[in-house]
Amino acid sequence: MDLVLLPIVLLAAFLNGYGIWNDQYANSYYTTAVGSMLSNFHNFFYASLDSAGSVTVDKPPVVFWIQTAFAYVFGLHGWSVILPQVLAGIGSVLLIYFMVKPTYGLAAARISALTMATVPVVAAVSRTNNIDSMLVFTLLLGSWFLFKGSKQGSAWRILVAFGLIGLAFNMKMLQAYMILPAFYLFYLLAFQAKWRRKIILLIGSTAVLAVVSLSWAVTVDSIPEDQRPYIGSSETNSVMELAFGYNGLSRLTGQQNTAGNAGMPNPADPGNNQSDRSSSTSAPESTSDSTGNSSAPPGNSPDNGGMGGMNGMTIPGGEMPNGRDFGGGMGGMFGTGEKGPLRLFQTELSGQASWLLPIVLLGCIAIFAGLRRRNITDKHKEALFWLAWLLPVAAFFSVAGFFHQYYLIMLAPPIAALTGAGFVAMWTAYRERTGWQAWLLPASVLLTTIFGWYIMQVYDDTIGAGWSISELIAGILITLILVVMLNRSHPWKQGLIIASFMVMLIGPTYWAFTPITYGGNSMIPAAGPTGMFGGMGMGMAMGDRQDNGNGTMTPPNASDDTDQQIPSPNSGSDADSAGTEAPPTTGGISSGGMGNGGGMPMTGGRGGAGGMNEEVDATTLNYLREHNTGETYLFATTSYNQAAPYIIDENEAVITLGGFSGSDPVYTTEELEQLVKSGQVKYFMISGMGGMGDRGANSDINDWIKEHGTEVPTSEWKTSTGTDNTDTGFGAGFGFGGQTTLYEVKL
């Protein structure tokens, strides 16, 4: 057993798992689905979002099946649905180690494993219940079988490898196929067999890939629509269309359908952010809200920085306080920078996975420097595999129109493997003084530390300038020493080389700890010292916002008005507000996190967008239970966020009428009428504000409820907060809080 591997695994376990017990709901969209899947096999098979099995989540079910199994054993908690991803993150570190070691040696395997453990986005994603950590583990497991099968000429291992890619398709659809170029290339180069057998096996493996990939989708699409849930976020109620549309081509073009993206900015048509769905029953509501206002304030218009329906979060001129452009369509919206060949090096994305790309570049030069036509070794073949994984993925994210920062976890395995292999190749060339190749190691140290300084210096006001300057100075000093020692021998020369690599890890390691030290965002996770807003396009240094004394943060030199404030969410709850206080006016955040009280902040919070979830209102729960006269469902709601705590915490049966966005045409008015007449539901909760889980909600459904229902006075069913119950701050734009009305419908 390699004793050096143990602390690396423990580091990965800490980064992935510390504090997950504080995350009550994790990504509440997925946790709500797990709660519904626990109730019966119908909901389990389809990955139904709600208790009625009326609409699915917008992803395939395999990861949710695993999470449901964990929840069945340990109970439904935030930590129990996160735990599979924690284990997957640790498993990925081990797989990288065991894949690199046979070919590149022990030192390269250790470096690769340590790199994988400290890639910031890996730590950020693996401590949530988002799919990507499990996806990467499955892809790596398939790659391990591919390596083994190719070296040993084992047909069954090759079939298993391609079958695992098919399984990964049933986790996140076409994202799993991003590594297929690497699979096919490596198989053709490395599989030990005659060409006839090789081609036949390749055809069979591709068939296995297709059958496993499409097994669930074809099965579901072949079932009559009235006997299964609506396919969430699809346009045509089809899994295949969801796979190749919303979760496929739309990610590249940025053209998002109204079901999955209602009310959000449309980069292709910023003037029409709620597309027409007149052909269905889910035409979005007009811009009139429950107060009778006919239009949103000018600050919330789609042209103002691309914010669209994010009420109460107006950014003057579409620019963040530190000068970052918030616009640029969907890419700018989620902090993914501007399209182009250097996108991964831009401030918005570079902190997630790009830190060690200079090592990868120069390391590959060292690996392939000795390549000869008739002397292609296993080192070259495996390096080509990792490059064939890295380059297409990097190219996609350089031009894609819509993705989140945490998708960059797909870059982590090839970066980790090539870092270990490449660094050892440069180390060998340096030690053996192999001509010009000996200079690659000092050059990589210098370039990587300069790049690390570039990434960190943007956040100097938040984390202090010491981190970026220290890495830069240390990198320059070690580079100079490496140059001086190049033609000399000394006992501590090897220790110097190890120290050079550790210096290059200062930045990514610090960033990997930020989801713990600054608080994370379970819905849109991202690393970096930006706290809960890190993955939502709000990647400014939090020190750029100043405390105005009433629990909100205001940009420097900006007036203290509601359009520019980011109120502290759920300020009435001590648990929710922990770790989300405004930063001190000195322009930085204490080492303890986002608050100014020091110590390790509570991470995760209540899940959702940075801990801004709805929670169970005891008055509401008691009222609905007391007035239930045998109905199957406690209530129905247009927002999954309102349903989430009652399904998760109270195990109540709740109907969501519109899926993730609130605009999926799940029910017609005739079907809703039948639900009421059959005694299945009589209470309907409607949010007066658009937002996540209630964006562009079905106006026909809302109108029918209002026409046939009786409004229940708020004082009878909702806990009084001493306000008008209308959240006009940041939370309102995402459907958290806002003005909610309860209707009782009797027919």
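Coordinates for the structure precede this section.
Residues numbered from 1 in each chain as written. Predicted model: local features only at pLDDT ≥ 70, side-chain atom pairs only at ≥ 80, totals over all residues. Heavy atoms only, no water.

A.B. asks: I'm lost on the pattern of salt bridges in this one. Help?
C.D. replies: Once the charged atoms of two side chains with opposite charge are near each other, the side chains can pair. For the coordinates displayed, the defined rule picks out 9 salt bridges. K746 serves as the salt-bridge partner of E744, at 3.4 Å between the closest nitrogen and oxygen. Owing to a relative accessible area of 61%, K746 belongs among the exposed residues under this scheme. Here the salt bridges share partners, and the residues they tie into one network are R625, E650 and E652. (Salt bridge = Lys/Arg side-chain N within 4 Å of Asp/Glu carboxyl O. Buried < 20%, exposed > 50% of the residue type's maximum accessible area, 1.4 Å probe, protein only.)

A.B. asks: Even after reading the chapter, I still don't get helix α16 (residues 357–368), so can you show me in this structure?
C.D. replies: For the α-helix, the turn length of 3.6 residues means that residues three or four positions removed from each other point alike. Under the 1.5 Å per step criterion, the end-to-end length of α16 is 17 Å for 12 residues, consistent within 8% with the ideal 16 Å. Burial analysis of α16 places 10 of its 12 residues in the buried class, which makes it a mostly covered element. Considered for burial, the residues of α16 that qualify are L357, P358, I359, V360, L362, G363, C364, A366, I367 and F368. Buried residues in α16 make contact with α17 (378–399), α18 (412–432), α19 (440–457) and α22 (493–504). (Helix = DSSP H or I, 4+ residues; strand = E, 2+ residues; numbered from the N terminus. Expected span 1.5 Å × (residues − 1). Contact = heavy atoms within 4.5 Å.)

A.B. asks: Whenever I open this one, the packing of aromatic side chains confuses me. Can you help?
C.D. replies: Aromatic rings in a pair are described by how distant their centres are and how their planes are angled relative to each other. According to the stated counting rule, one finds 44 aromatic pairs in the structure shown. Both rings, one in F396 and one in F397, keep their centres 5.3 Å apart while their planes meet at 75°; by these two values the pair is edge-to-face. Each member of the aromatic cluster is reached from another via a ring pair, and the members are F147, F162, F183, Y184, F186, F385, W386 and W389. (Phe/Tyr/Trp six-rings, centres within 6.5 Å; stacked < 30°, edge-to-face > 60°.)

A.B. asks: Help me understand a negative patch on the surface in this model?
C.D. replies: Residues E225, D226, E670 and E671 make up a contiguous surface patch of negative charge. Note on E225: relative accessible area 48%, which makes it partly exposed. (Patch = residues over 30% accessible without salt bridge, like charges linked within 9 Å, V, L, I, M, F, W, Y side chains within 5 Å. Areas by Shrake-Rupley, 256 points an atom, 1.4 Å probe, with all protein chains shown as cover. Lys, Arg positive; Asp, Glu negative; His and termini not counted. Charge placed at Lys NZ, Arg CZ, Asp CG, Glu CD.)

A.B. asks: Could you clarify how one ought to interpret a nonpolar patch on the surface in this entry?
C.D. replies: Where nonpolar side chains cluster on the molecular surface, the patch consists of L446, I450, W453, Y454, I469, I473, I476, L477 and L480 and spans about 750 Å² of accessible area. For the nonpolar patch, the elements supplying multiple residues, two or more each, are α19 and α21 (465–485). Element by element, the count of residues in the nonpolar patch is highest for α21, at 5 residues. Position of I450 among the secondary structure elements: in helix α19.

A.B. asks: Can you walk me through the packing of α21 against α22 in this structure?
C.D. replies: Relative placement of two packed helices is described by the angle separating their axes and the distance separating the axes. Two elements in contact, α21 and α22, have axes separated by 10 Å at closest approach and are oriented at 155°. Comparing their axes, α22 and α21 come out roughly antiparallel. In this structure, α21 crosses over α22, and the sense of that crossing is left-handed. Two secondary-structure elements touch here, α21 through E471, A474, G475, I478, I481, L482 and M485 and α22 through K493, L496, I497, A499, S500, V503 and M504. In the contact of α21 with α22, the residues fall into 10 nonpolar, 2 polar and 2 charged. (Axes fitted to C-alpha atoms, helices over the stretch in contact; angles between N-to-C directions. Parallel < 35°, antiparallel > 145°, perpendicular 65-115°, else oblique. Left-handed = near helix turned anticlockwise from the far one by under 90°. Nonpolar A, V, L, I, M, F, W, Y, C, P; charged D, E, K, R; others polar.)

A.B. asks: Explain the environment of L167 to me, please; I cannot follow it from the model alone.
C.D. replies: Secondary-structure assignment places L167 in helix α9 (residues 155–172). Overall, the relative accessible area of 31% leaves L167 in the partly exposed class. For the pair formed by L167 and S213, sequence separation is 46 residues and the distance between their alpha carbons is 6.1 Å.

A.B. asks: Please explain the pairing of strand β8 (residues 740–745) as it appears in this structure.
C.D. replies: Every other side chain in a regular strand lies on the same face of the sheet, so the side chains alternate between the two faces. Where burial is concerned, most of β8 is hidden: 6 out of the 6 residues are buried. Side chains of β8 alternate between two faces, with T740, L742 and E744 and T741, Y743 and V745 buried alike. Looking at chain direction, strand β6 (residues 683–687) and β8 are connected through 5 bridges and run antiparallel. Paired with F684 across the two strands is Y743, which belongs to β8. (Pairing = 2+ DSSP bridges.)

A.B. asks: Can you help me understand the nonpolar core in this one?
C.D. replies: In terms of nonpolar packing, the biggest core is built from 165 residues, with W386, W389, M410, F423 and I705 touching the most fellow members. Sort the elements by how many residues they give to this core and helix α5 (residues 78–104) lands first, with 12 residues. What M410 contacts, discounting residues up to four positions off in sequence, is L135, V136, L139, Q175, M178, I179, W389, V393 and F397. Within the second largest apolar cluster, 14 residues are counted, among which are L624, I647, M685 and L742. (Core = buried A, V, L, I, M, F, W, Y, C linked by side-chain atoms within 4.5 Å.)

A.B. asks: Got a minute to help me understand the side chain of Q405 in this structure?
C.D. replies: You can see Q405 is positioned in the loop between α17 and α18. Residue classification places Q405 among the buried residues on the basis of a relative accessible area of 3%.

A.B. asks: I tried to follow the environment of G507 on my own but got confused; where do I start?
C.D. replies: Relative to the helices and strands, G507 resides in helix α23 (residues 506–517). For the pair G507 and G452, spaced 55 residues apart in sequence, the C-alpha to C-alpha distance is 5.9 Å. When sequence neighbours within four positions are dropped, the list of residues in contact with G507 reads W355, M456 and E471.

A.B. asks: Could you clarify how one ought to interpret the packing of α5 against helix α8 (residues 132–152) in this entry?
C.D. replies: As a packed pair, α5 and α8 sit with axes 8 Å apart at the nearest point and diverge in direction by 25°. Classified by the interaxial angle, the pair formed by α5 and α8 is roughly parallel. Judged by the sense of rotation from one axis to the other, the crossing of α5 with α8 is left-handed. Of α8, the residues touching α5 (which contributes P84, Q85, A88, G89, G91, S92, L95, I96, M99, P102 and T103) are S133, M134, V136, F137, L140, L141, S143, W144, F147 and K151.

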